[in-house]
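Close look at the chain arrangement
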Protein chains: 4
Amino acid sequence: MFFTSDNAGPAHPSVMQALMDANTGYASGYGSDDGMTRVRAMIQEIFEAPEAAVHLVATGTAANALTLATLSNPWDTIFCSPMAHIHEDECNAPEFYTGGTKLTLVPATDAKMTPDALRASILGEETRGVHGPQRGPVSITQATEKGTVYSVAELQALTAVAHEFGLKTHLDGARFTNALVSLGCSPAEMTWKAGIDAVSFGGTKNGLLGVEACIFFDPAASWEFELRRKRGAHLFSKHRYLSAQMEAYLTDDLWLTLAAKANAACARLITGLKTAKDVEIQYQSQSNLVFFDAPRGLHQRMLAAGAHYYVTSGDPDSGPADEVLTGRLVCDWSCDHAAIDQFITLLTQ
Amino acid sequence: MFFTSDNAGPAHPSVMQALMDANTGYASGYGSDDGMTRVRAMIQEIFEAPEAAVHLVATGTAANALTLATLSNPWDTIFCSPMAHIHEDECNAPEFYTGGTKLTLVPATDAKMTPDALRASILGEETRGVHGPQRGPVSITQATEKGTVYSVAELQALTAVAHEFGLKTHLDGARFTNALVSLGCSPAEMTWKAGIDAVSFGGTKNGLLGVEACIFFDPAASWEFELRRKRGAHLFSKHRYLSAQMEAYLTDDLWLTLAAKANAACARLITGLKTAKDVEIQYQSQSNLVFFDAPRGLHQRMLAAGAHYYVTSGDPDSGPADEVLTGRLVCDWSCDHAAIDQFITLLTQ
Amino acid sequence: MFFTSDNAGPAHPSVMQALMDANTGYASGYGSDDGMTRVRAMIQEIFEAPEAAVHLVATGTAANALTLATLSNPWDTIFCSPMAHIHEDECNAPEFYTGGTKLTLVPATDAKMTPDALRASILGEETRGVHGPQRGPVSITQATEKGTVYSVAELQALTAVAHEFGLKTHLDGARFTNALVSLGCSPAEMTWKAGIDAVSFGGTKNGLLGVEACIFFDPAASWEFELRRKRGAHLFSKHRYLSAQMEAYLTDDLWLTLAAKANAACARLITGLKTAKDVEIQYQSQSNLVFFDAPRGLHQRMLAAGAHYYVTSGDPDSGPADEVLTGRLVCDWSCDHAAIDQFITLLTQ
Amino acid sequence: MFFTSDNAGPAHPSVMQALMDANTGYASGYGSDDGMTRVRAMIQEIFEAPEAAVHLVATGTAANALTLATLSNPWDTIFCSPMAHIHEDECNAPEFYTGGTKLTLVPATDAKMTPDALRASILGEETRGVHGPQRGPVSITQATEKGTVYSVAELQALTAVAHEFGLKTHLDGARFTNALVSLGCSPAEMTWKAGIDAVSFGGTKNGLLGVEACIFFDPAASWEFELRRKRGAHLFSKHRYLSAQMEAYLTDDLWLTLAAKANAACARLITGLKTAKDVEIQYQSQSNLVFFDAPRGLHQRMLAAGAHYYVTSGDPDSGPADEVLTGRLVCDWSCDHAAIDQFITLLTQ
């Protein structure tokens, strides 16, 4: 009953095998390995973007911070939701990499920014000439940090607002594939065809050891990104091991298969949660994580019984038993249906 | 005949096996995995430093930049040799991570700073009160970027100068183990007993896929380092894969064995180079890389014959055949003695 | 009828005379002038803080950004109101000088943070270990950007919350003296006795050409501040001209007299505004600036008649005549009572 | 006998008068004052550059750091002489404002970079692709920190090298006018006609209280500079007092007159120094400062007799009487010929 995070499970065996296969003989370093050439071509094909710049890094925070820095000036403010990972969980990495931008928090419904809220936030900035921050890029998380998913139309509406003001758009796709299989659209439809300029295309949360691709549909940003990556100490000398992971990920639809498994596991959890007394689901999750409210006493019982997950509001260990606290359940590709059923059985007994 | 870099060869099979072994079930992320607990204890024991703070990152540049940033203020200047990797090969990563320090280049002999040169450089800074940069840490590369190795006495003499001025000392140990086995001393003798305050303890160039340990003998720096690492996007969610590499590295003396193999390969090369006509060895290499001067024509012949290495001065492809250019040969643990012999045979025929 | 800003009026003649008087013979530069020695002693005496560190800069943004940077780490978040000058009007200067902190916007009532809101904001940060920003200093603007003034008890309550969490407190006193004369308390009572750790003590908006003092009640911060000031290019070579302004300011209670004049002018405006039809005062101003709501048509009539002030919401020139827009009126020491009366007469006719 | 610095003397009375004259009524702030409009036009005319962007700041370090930051990327290295003020005397301000560039020190003869040395330095950088710093702008100090002056031909030769590599050129003109009157050329000839892209045009060392103009001959840089200036806290609210100083400076050739006086005073000093026993002049000064070698005993005698100047090598107070130390003598516009004669008399008696 492990639901703490999609970074807690193992990497997929095919990925491990690819690492082993890559570990032979000499290879060029620093991104000039043959594997990277193949990975670049695969991503360009999958995204129907033959000119796109593609670079790999090893952490999601690096992907976000480096990509946003490439799209920003230090005097900008970046628009994102209040739940955005770049705001809550990166210890000021975007501020560091951009040289001091602000983040403007756009009110969100179901963890998703709305076009109206985004427009209002944009209009609220850059109203004071040189005195206030300038309007910078818009960063959209897909799937969101709360498990919800923007429809393609919702993405289009947001990017239309951004482009109306001449602003660039970034997709934080740490759970890109979970959203993609949930929507059933193509990568192009969820990105550049919907007005996205750059993507953090995550693999770490979906079966890799630690690789994310940074994709710029306008390749003019490529060299600046490379300099920022090197200066940020994120260029791997033995780059082949990043390439190998990503290549395995994109081979035989592994990425899609793994995300579908994680989503299905989460859907099973949600179905079960709905049958439980005293439990209320927060956010309309469509991907691989779900938040639920329950009394402290119930959380205590579950945790004592061996369930592993985070209570994200308050202390589960002390306080009134009937106080309602929020729990977060995350499923990855390896999530065991038996464990889910055991969890639901415990919850509903 | 691959001598381009010690990051071009494969990782050691034991390291790959450790990755496979680590890839089972759920594990805590972000450095709280059990493997990291073991790694920390192993390093503390190996370095005879039970209180030392130990953290892992995936690139040598990250290890150097984050460690130096933790030891510096933005208004400092860091003392290092003109050949230092932090100066020549990190695209301003130290300047970025420190928030804008300078590097003061201390003249070096055989790629090693001397105590007198260091003292003169230190005395040349911080002479103008608030107007000039303040004296910051001293960064020493061991083994040096040219393959030479400071003796323990030489390290002691340098750190004594630094400490005389109240300055901290950093050891860039990207090739730490190559130096260690060359000297035949203990890790403690080559670090804190010799006055070193913090170490970038490299594994990537010695058989790992990509892991370096940052070691602070004064653990008070630990939390600041952790915040800097996270803010720099260098904290791995699936940290177990870093721990596993380092644990395999330190098990059964693998690290020492691999460095000894690389050094022995290089020694064999050097022996051969000395027998070659028109070849002159630069720097008194004691580790796993060697620089040699030879006429362009000779370089051309070698490269055409399938030798892989960098010519670090001038263009091997065009120019007078008798112009002397410098070549760099690097051996890693996997370096094949047959290839060395083939290289020498070609060179001397 | 000039009410655009308290930086639009002239400097006081005594200040100009002091500049002339200082312009004789040779003087030490960079803050070592005799005038600075006197200024430091005067401020220490006025603030009843004989150990305080005192430094001068020429702009309010420099005072805020440098002082906050001295109190912060780059991975912190600074707590302030959403109307704070450091958030709205400094083009990311705090983010730049701190090396990338965030600002956490604490909801404000009447432009003033409340202890409860501050506590809730503090509790909302640093809940994710190394992943989120760490709690940094609390910055309080006194008088606020909207003209309201914290009572001493309100300041004490805020700083008590900050200190409960071990956080430092900064007072943005661009309009320090306007607040002080409004409260009728002593500088010590409004600062360190109320739990303030550092102050931006403004002079520019109150009759100087451009000088602010940065005061640290714990002088341990002094040298770091000096290095930050120099590195920020805010150390004046001909420092005597800053000292002379501040010395004149503090002589014969000029600072108090000027602020009292500005406040009195604003009070006269407020009295008049209250008599006007269709005008509603926003915020309970107790200092030298006041915001008022009025229909666009009324703003248009006033501006056409020669009144100078900013309409801070919407475009006064186009839109429905009955739409309510906010105007801002600011009085400085030179503000003419005849102009005020003329303004009110126009407004109410 | 005050020769410590050209920032130690008084501002010129005409400048003070201009300040007084500007101190009347209301004025727009932040660079939109009428005075600034006039100043911009005057500088454009004087430099024969009707499109040039012109902005004012209050310190020379701000002028240099902001201008260089506008011309640089954070991953660049800036080329300058080892004696450059930006290297020695700005406490890492360029590194701070640029976000972490390096400075590459180009060997200098008589404190002047030569085209050959510059070319060699440029060729020595950007040789490692993404790994090393990229080539950034070239910064030339005119007059140099040692009092020497580049001829127009020398400037042209340097900028030709820079432009050959596509690099921008910056003139640190803290003593711009001293060089200009020394050369007897026009401002255009010493700047854009000689290939200079941007200038720090100093006034502070030549009779102002504290104003420097930043001039970009390509006005495309203007808005970025403005954002950097504001973010750096160097935009003055009461900007009219900067404009007034600069306007007075450029009126009736005051700037030229003052620099000519300073240069003449220095020339008189040099003539005298040449007659002194045991005194040797360093550097071929052509402006308003001169360095000279003399035995410690002679320095001690001069300082004891009331001469004020810096000994820039070693401690004048202790050590062998016959050890040779370097002294620096600086003349500003107010420098008294009687004092010079008194100095020389003392020196030669």
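Calculation notes
Residues numbered from 1 in each chain as written. Chains lettered and ligands numbered in written order. Predicted model: local features only at pLDDT ≥ 70, side-chain atom pairs only at ≥ 80, totals over all residues. Heavy atoms only, no water. Least-squares fit on C-alpha atoms with pLDDT ≥ 70 in both. Contact = heavy atoms within 4.5 Å. Salt bridge = Lys/Arg side-chain N within 4 Å of Asp/Glu carboxyl O. Polar contact = N/O pair within 3.5 Å; in protein donor to acceptor, adjacent residues only side chain to side chain. Axes fitted to C-alpha atoms, helices over the stretch in contact; angles between N-to-C directions. Helix = DSSP H or I, 4+ residues; strand = E, 2+ residues; numbered from the N terminus. Parallel < 35°, antiparallel > 145°, perpendicular 65-115°, else oblique. Left-handed = near helix turned anticlockwise from the far one by under 90°. Nonpolar A, V, L, I, M, F, W, Y, C, P; charged D, E, K, R; others polar. pLDDT = per-residue confidence, 0-100. Buried < 20%, exposed > 50% of the residue type's maximum accessible area, 1.4 Å probe, protein only. Pairing = 2+ DSSP bridges. Expected span 1.5 Å × (residues − 1). Buried area = accessible area lost by both parts, 1.4 Å probe. UniProt positions renumbered as here; feature names shortened; annotations may be inferred. Phe/Tyr/Trp six-rings, centres within 6.5 Å; stacked < 30°, edge-to-face > 60°. Lys NZ or Arg CZ within 6 Å of the ring centre and 35° of its normal. 1 Å grid on protein atoms, 1.4 Å probe; cavity = no way out; pocket = protein on both sides within 12 Å on 5 of 7 lines; lining within 4 Å. Points joined across faces, edges and corners; volume = space filled by probe spheres on them.

**Considerations on the relation of the copies chain A and chain D**
- Placing chain A over chain D gives an RMSD of 0.0 Å and needs a rotation angle of 180°, together with 0.0 Å of translation along the axis. In symmetry terms, the pair is related by a two-fold rotation axis. Across chain A, the smallest distance between a C-alpha and the rotation axis is recorded for G99 of chain A, namely 3.4 Å.
- The fraction of interface residues of chain A whose copies in chain D are also interface residues reaches 100%, indicating that both copies meet through the same surface.

**Points about the interface of chain A and chain D**
- Chain A puts 16 residues into the contact, and the matching count from chain D is 16 residues.
- Between the two partners, chain A and chain D, sit 0 salt bridges.
- The interface formed by chain A and chain D holds 4 residue pairs in polar contact (both at pLDDT 80 or more) in total.

**Examining the packing of helix α3 (residues 60-71) of chain C against helix α10 (residues 222-231) of chain C**
Residue and element names in this part refer to chain C.
- In the contact formed by α3 and α10, the axes pass within 10 Å of each other and the chain directions differ by 135°. Judged by the angle between their axes, α3 and α10 are oblique. Remark: the crossing between α3 and α10 carries right-handed chirality. In this structure, α3 uses L66, T67, A69 and T70 to contact α10, whose residues at the interface are E224, F225, R228 and R229.
- In terms of residue class, the contact of α3 with α10 is built from 3 nonpolar, 2 polar and 3 charged.

**Topic: the confidence of the model for chain A**
- Looking at chain A as a whole, the pLDDT averages 97, with 100% of positions reaching at least 70.
- Scored by ipTM, the complex comes to 0.97, with pTM at 0.97.

**A closer look at the pattern of salt bridges**
- Inspection of every chain in the model, using the stated rule, returns 52 salt bridges over all chains.
- Its salt-bridge partner being D6 of chain D, residue K205 of chain D comes within 3.8 Å of it at the nearest N-O pair. Residue K205 of chain D is located in the loop between β8 (198-202) and β9 (212-216), and its partner D6 of chain D is located in the segment before α1 (13-22); the two are separated by 199 residues in the primary sequence.
- A relative accessible area of 17% means that K205 of chain D is categorised as buried.
- A single network of salt bridges, built from pairs that share partners, joins D6, R175 and K205 of chain A.

**What about the sheet that holds strand β10 (residues 280-282) of chain D?**
All names here are of chain D.
- If you trace the 4 strands from one edge of the open sheet to the other, you get β10-β11-β13-β12, paired in antiparallel fashion. Each edge of the sheet is formed by a strand with only one pairing partner; in this case those strands are β10 and β12 (310-311).
- Pairing of strand β11 (residues 289-295) with strand β13 (residues 324-330), which is carried by 7 bridges, proceeds in the antiparallel orientation. Each bridged residue has a counterpart across the sheet, and for D293 the counterpart in β13 is T326.
- Seen against the sheet, helix α12 (residues 254-274) touches β10, β11 and β13 and runs at an angle of roughly 20° to β11.
- In this fold helix α13 (residues 296-304) packs onto β11, β12 and β13, with an angle of close to 120° to the strand it touches most, β11.

**Description of helix α3 (residues 60-71) of chain B**
Residue and element names in this part refer to chain B.
- Taking 1.5 Å per residue as the helical rise, α3 with its 12 residues ought to reach 16 Å, and the 17 Å between its terminal C-alpha atoms agrees with that figure.
- Here α3 lies mainly inside the structure; 11 of its 12 residues are buried.
- Those residues of α3 lying buried are T61, A62, A63, N64, A65, L66, T67, L68, A69, T70 and L71.

**Side note on the pairing of strand β1 (residues 53-57) of chain B**
Residues and elements named next belong to chain B.
- The element β1 is extensively covered by neighbouring structure, given that 5 of its 5 residues are classed as buried.
- On β1, burial covers both faces: A53, H55 and V57 on one face and V54 and L56 on the other are all buried.
- Here 5 bridges tie β1 to strand β9 (residues 212-216), and the two strands are oriented antiparallel to one another. Across the sheet, H55 pairs through a bridge with C214, a residue of β9.

**What to know about the interface of chain B and chain A**
- Between chain B and chain A, the residue contacts involve 46 residues of the former and 46 residues of the latter.
- If you sort the residues of chain B by the area they bury against chain A, Y26, F96 and K238 of chain B come out on top, with a joint share of 21%.
- Run the count over chain B and chain A and you get 0 salt bridges.
- Counting across the chain B and chain A interface gives 27 residue pairs in polar contact (both at pLDDT 80 or more).
- Elements represented by at least two residues in the side of chain B that touches chain A include exactly α1 (13-22), α3, α5 (93-98), α10 (222-231) and α11 (240-250) of chain B.
- Here the side of chain B that touches chain A is composed, by residue class, of 24 nonpolar, 14 polar and 8 charged.

**With respect to the pairing of strand β13 (residues 324-330) of chain A**
Residues and elements named next belong to chain A.
- The element β13 is extensively covered by neighbouring structure, given that 6 of its 7 residues are classed as buried.
- Looking at chain direction, strand β12 (residues 310-311) and β13 are connected through 2 bridges and run antiparallel. Its bridge partner lying in β13, V311 is registered against G327.

**Section: the UniProt feature "domain: Aromatic amino acid beta-eliminating lyase/threonine aldolase" (unreviewed entry) in chain A**
- Within this structure's numbering, the places UniProt gives as "domain: Aromatic amino acid beta-eliminating lyase/threonine aldolase" (unreviewed entry) are residues 3-292 of chain A.
- Structurally, residues 3-292 of chain A is divided into 42% helix and 17% strand, and its ends, taken at the C-alpha atoms, are 13 Å apart.

**Some words on unusual backbone geometry**
- The peptide bond linking Q142 of chain B to A143 of chain B adopts the cis configuration, its omega dihedral lying at -15°.
- In this structure, A143 of chain B sits in the loop between β6 (134-141) and α7 (152-164).
- The backbone phi angle of Y283 of chain A is positive, close to 60°, even though this residue is not glycine.
- For Y283 of chain A, the position within the fold is in the loop between β10 (280-282) and β11 (289-295).
- Judged by relative accessible area, which is 21%, Y283 of chain A ranks as partly exposed.
- Despite not being glycine, N92 of chain C shows a phi value in the positive range, around 70°.
- Turning to its location among the elements, N92 of chain C is positioned in the loop between α4 (85-88) and α5 (93-98).

**Thoughts on the packing of aromatic side chains**
- With the rule as written, the count across this model stands at 59 aromatic pairs over all chains.
- Measuring from ring centre to ring centre gives 5.7 Å for F201 of chain A and W255 of chain A, while their planes differ by 80°; the resulting arrangement is edge-to-face. Of this pair, F201 of chain A sits in strand β8 (residues 198-202) while W255 of chain A is found in helix α12 (residues 254-275), placing the two residues 54 residues apart along the sequence. With respect to burial, F201 of chain A and W255 of chain A carry one shared label: buried.
- When the ring of F47 of chain D is compared with that of F201 of chain D, the centres are 5.5 Å apart and the planes differ by 90°; the resulting orientation is edge-to-face. Of this pair, F47 of chain D sits in the loop between α2 (34-46) and β1 (53-57) while F201 of chain D is found in strand β8, placing the two residues 154 residues apart along the sequence.
- Judged by relative accessible area, F201 of chain D falls into the buried class, the value being 0%.
- Clustering of aromatic rings is evident, with ring pairs tying together F47, F176, F201, F217, Y249 and W255 of chain A.
- The ring of F96 of chain D has R231 of chain C lying over it, and the distance from NZ or CZ to the ring centre is 3.9 Å.

**Brief notes about empty space enclosed by the protein**
- If you walk through the whole model with that rule in mind, you get 7 cavities of 30 Å³ or more.
- Looking at the largest cavity, its volume works out to about 260 Å³.
- Along the walls of the largest cavity sit 23 residues, with T59, G60 and T61 of chain A together with Y30 and S237 of chain B positioned nearest its centre.
- Top element by residues in the lining of the largest cavity is helix α3 (residues 60-71) of chain A. It accounts for 3 residues.
- When grouped by side-chain class, the residues that make up the lining of the largest cavity number 7 nonpolar, 10 polar and 6 charged.

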